[in-house]
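Chain by chain, the residues:
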Amino acid sequence: MTPTLYLATLGPISEVFGLLVVIAVFALLRAQADRRAYFTTWEKAWVFLATGLVAGVLYERFIDPESIFYPISPATSYAVAAIYLGARAAALAMVVTGVQLFVRGSATPWLMMAAAPAGLVLAWMTDTQHTPLAALALLHGPVAAVAFAYAAVAFNTLPASRHSLGTRAAAMGFMGLAVLGATLAVFYALQRSGAPITAAPWAVRYARYGFYSELLLNLFVAWAMVRILVEDGRRENDDARARMKLLQDREHMADMYDTRTMLLGRRAFDAKVGLEFARASFGSVVRLQVTNYSRIAGDHSPAVAEALLTHLAGVLDGSVRTHDRVYRWGQDELLVVMPRAIPKVARARVEFTMGRTAPMATQGMPKGLVAEAAVTVEAYRGAEDLADAAEAASHH
């Protein structure tokens, strides 16, 4: 075996060791990603890919006539190839799921369930006793190209307020992997058909060192993923500091607050006060209208109705997450901005909080008053449509 061919055969093994380093880094960062499902999902993708490559290395040994494991039974070579292809499919499913969780907060549920059947079907479609490991790119390459292209487009089409160095780098890396998967699949398809171009030295070298190219692109994508996590943490820290500054400057910003509930008012929302984290993410806007406000004001007094709204506002403001913001929106309305919460989750959280809100005790009344509220939820993708989502929620 020539040195060039020997170096090429080390490609899968080199990629395994490279991925082990990536997995170790992601494991060290797990404590910082406890509330970021997209990052832990990407970590699983690297584990699946490393597992698949280990199976690929074994497959390569099993079908190599010079290997001590040769010959191997057809069932064994098929099983190992199926594990290799299935683990690759699972890794792609985890990558796409992580991208969806980062972009919109929800993922397509059937992706992971399709990985194992995909591996079995793809392995069944080829001769697993004679097809070289690299040539299996003809099977998984098109799937990888579609998955990585989807991820690249998802990052590129984020609203401008959510673009960052990390998202741009991830989009570039995913597109590079998509191009690599597609071109390798085309190369092996042409090789199977006997096309002369596959014998060209540059084409042979390109295919021969495909695993090294994949390793370099995977390392770049892993760096982009870590960069996204760091940027996320920085935004949270900036939001916490902005929150502290807002509390310290409260006396100088009295016009931004509602004097009764002591919440930020609609004017503060229009001035983007308290929305630093929300504007850099997707999320939901929840509007609560106290439907019995007018009735209580008529049966008792406006002061009692206002006290009931203030009671509900205090419970909400004390129950929401650190980066959620509650605003006094109108006479009988409250608005809750909930970054990184899809509408279904946002509604459930608010309704759960309202259901656990104790009745407001009022002097002279045997039973406490309970706020009856209509809840409207609108989703937003970034700073560009946050105000529109709030207005849409108000007009429902």
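Here, every reference points to the structure presented above.
In this convention, every chain numbers its residues from 1, walking through the sequence in written order. For this predicted model, a pLDDT threshold of at least 70 governs which residues receive local features, and a threshold of 80 or more governs which side-chain atom pairs are given and counted, while totals over whole chains, interfaces and linings are taken from all residues. Note that the side-chain values use all heavy atoms of the structure and ignore hydrogens as well as water.

Peer 1: Just to check I follow, could you spell out the side chain of Thr-198 for this structure?
Peer 2: We count a stretch as a helix when DSSP gives it H or I for four or more residues in a row; a strand needs E for two or more, and each element gets its number in order from the N terminus. Among the structural elements, Thr-198 can be located in the loop between α7 (165-192) and α8 (201-208). Burial here depends on accessible area, computed with a 1.4 Å probe over protein chains only, as a share of the maximum for the residue type. Under 20% is buried, over 50% is exposed, and the range in between is partly exposed. Take Thr-198: its relative accessible area is 10%, and that puts it in the buried class. Counted as a polar contact is a pair of N or O atoms within 3.5 Å, where, for protein atoms, one must be capable of donating a hydrogen and the other of accepting one, and residues adjacent in sequence contribute only when both atoms are in side chains. Within polar-contact distance, the side chain of Thr-198 engages the backbone oxygen of Ala-195 at 2.7 Å. Throughout, a contact is declared for two residues whenever any of their heavy atoms are within 4.5 Å. Excluding residues within four positions of it along the chain, Thr-198 makes contact with Phe-187, Leu-190, Gln-191, Ala-203 and Val-204.

Peer 1: In this structure, what is going on with the pattern of salt bridges? I would like to understand it.
Peer 2: What counts as a salt bridge is simple: a side-chain nitrogen of Lys or Arg found within 4 Å of a carboxyl oxygen of Asp or Glu. As enumerated under the stated definition, the model contains 17 salt bridges in all. A salt bridge links Arg-227 to Glu-231, with the nearest nitrogen and oxygen atoms 2.9 Å apart. Of this pair, Arg-227 and Glu-231 both sit in helix α9 (residues 210-248), 4 residues apart, which is roughly one turn of that helix. Classification of Arg-227 by relative accessible area gives partly exposed; the value is 24%. Put simply, Arg-267 and Asp-255 hold a salt bridge, and the shortest N to O gap is 3.3 Å. Residue Arg-267 is located in helix α10 (residues 266-270), and its partner Asp-255 is located in the loop between α9 and β1 (264-265); the two are separated by 12 residues in the primary sequence. Judged by its relative accessible area of 51%, Arg-267 falls in the exposed class. Each member of the salt-bridge network shares a partner with another, and the members are Arg-36, Asp-232, Arg-235, Glu-236 and Arg-340.

Peer 1: What is the right way to look at the packing of helix α12 (residues 302-319) against helix α13 (residues 343-355) in this model?
Peer 2: Describing two packed helices takes the angle between their axes plus the distance from one axis to the other. Remark: α12 packs on α13, axes separated minimally by 10 Å, with the N-to-C direction vectors making an angle of 125°. For the element pair α12 / α13, the angle class is oblique. The crossing of α12 and α13 is right-handed. Residues Leu-312, Val-315, Leu-316 and Ser-319 of α12 form the contact with α13, whose participating residues are Val-350, Thr-353 and Met-354. Throughout, an axis means a line fitted to C-alpha atoms (over the contacting stretch in the case of helices), and angles, computed between N-to-C directions, take values from 0 to 180 degrees. An angle below 35 degrees is read as roughly parallel, one above 145 as roughly antiparallel, one from 65 to 115 as roughly perpendicular, and any other as oblique. Helix crossings fall into two classes, left-handed where the near helix is turned counterclockwise from the far one by less than a right angle and right-handed where it is turned clockwise.

Peer 1: Help me understand the layout of surface pockets in this model?
Peer 2: Empty space left among the atoms is revealed by rolling a probe the size of a water molecule over them. Cavities and pockets were defined on a 1 Å grid built over protein atoms only: a cavity is a set of grid points that admits a 1.4 Å probe from which the probe cannot escape, a pocket is an open set flanked by protein on both sides within 12 Å along at least five of seven lines, and lining residues are those with an atom within 4 Å of any such point. Grid points are joined across faces, edges and corners, and a volume is the space filled by probe spheres set on the points. By volume, the second largest pocket is sized at about 460 Å³. Along the walls of the second largest pocket sit 20 residues, with Arg-35, Arg-36, Arg-321, Pro-339 and Arg-340 positioned nearest its centre. Residue assignment for the lining of the second largest pocket shows that the elements contributing at least two residues are α3 (37-62), α4 (74-103) and α13.

Peer 1: Looking at this model, I keep getting lost on α13. Mind explaining?
Peer 2: Every α-helix winds through 3.6 residues per turn, so residues three or four apart in the chain are directed the same way. The terminal C-alpha atoms of α13 lie 18 Å apart, and with 13 residues this matches the ideal 18 Å at 1.5 Å per residue to within 8%. Check the buried side of α13 and you find it contacts β2 (283-290), α12, β4 (333-339) and β5 (373-380). For a helix, the expected span equals 1.5 Å multiplied by the number of residues minus one.

Peer 1: Can you walk me through the sheet that holds β2 in this structure?
Peer 2: Working definition: the strands of a sheet are paired by backbone hydrogen bonds and lie parallel or antiparallel to each other. For two strands to be treated as a pair, DSSP must find no fewer than two bridges joining them. Within the open sheet, the 5 strands sit side by side as β1-β3-β4-β2-β5. Their pairing is mixed. Each edge of the open sheet is held by one strand with a lone partner, namely β1 and β5. One ladder, built from 2 bridges, connects β1 with strand β3 (residues 325-330); its direction is parallel. Looking at β3, one finds that Leu-264 is bridged to Tyr-327. Sheet strands touched by α13: β2, β4 and β5. Its angle to β5, the strand with the most contacts, is close to 155°.

Peer 1: Any chance you could explain the packing of aromatic side chains here in plain terms?
Peer 2: Pairs of aromatic rings are described using the distance from one ring centre to the other and the angle between the two planes. Paired rings are identified among Phe, Tyr and Trp, the last through its six-membered ring, by centres lying within 6.5 Å, and are further divided according to the angle between planes into stacked (under 30 degrees), edge-to-face (over 60) and tilted (the rest). Applying the stated criterion to the full structure yields 13 aromatic pairs. With centroids separated by 6.4 Å and ring planes inclined at 45°, the aromatic side chains of Trp-42 and Phe-155 adopt a geometry described as tilted. Here the residue Trp-42 occupies a position in helix α3, and Phe-155 occupies one in helix α6 (residues 137-156), the gap between them amounting to 113 residues. Given a relative accessible area of 0%, Trp-42 falls into the buried group. Consider the rings of Phe-269 and Trp-329, whose centres lie 5.0 Å apart with planes at 90°: the pair is edge-to-face. Here Phe-269 is found in helix α10, whereas its partner Trp-329 is found in strand β3, with 60 residues between them in sequence. Residue classification places Phe-269 among the buried residues on the basis of a relative accessible area of 5%. Under the relative-accessibility criterion, Trp-329 is labelled buried at 4%.

Peer 1: Please clarify how the environment of Ile-228 should be interpreted in this entry.
Peer 2: Relative to the elements of secondary structure, Ile-228 occurs in helix α9. For Ile-228 and Leu-29, which are 199 residues apart along the polypeptide, the C-alpha to C-alpha distance reads 12 Å.

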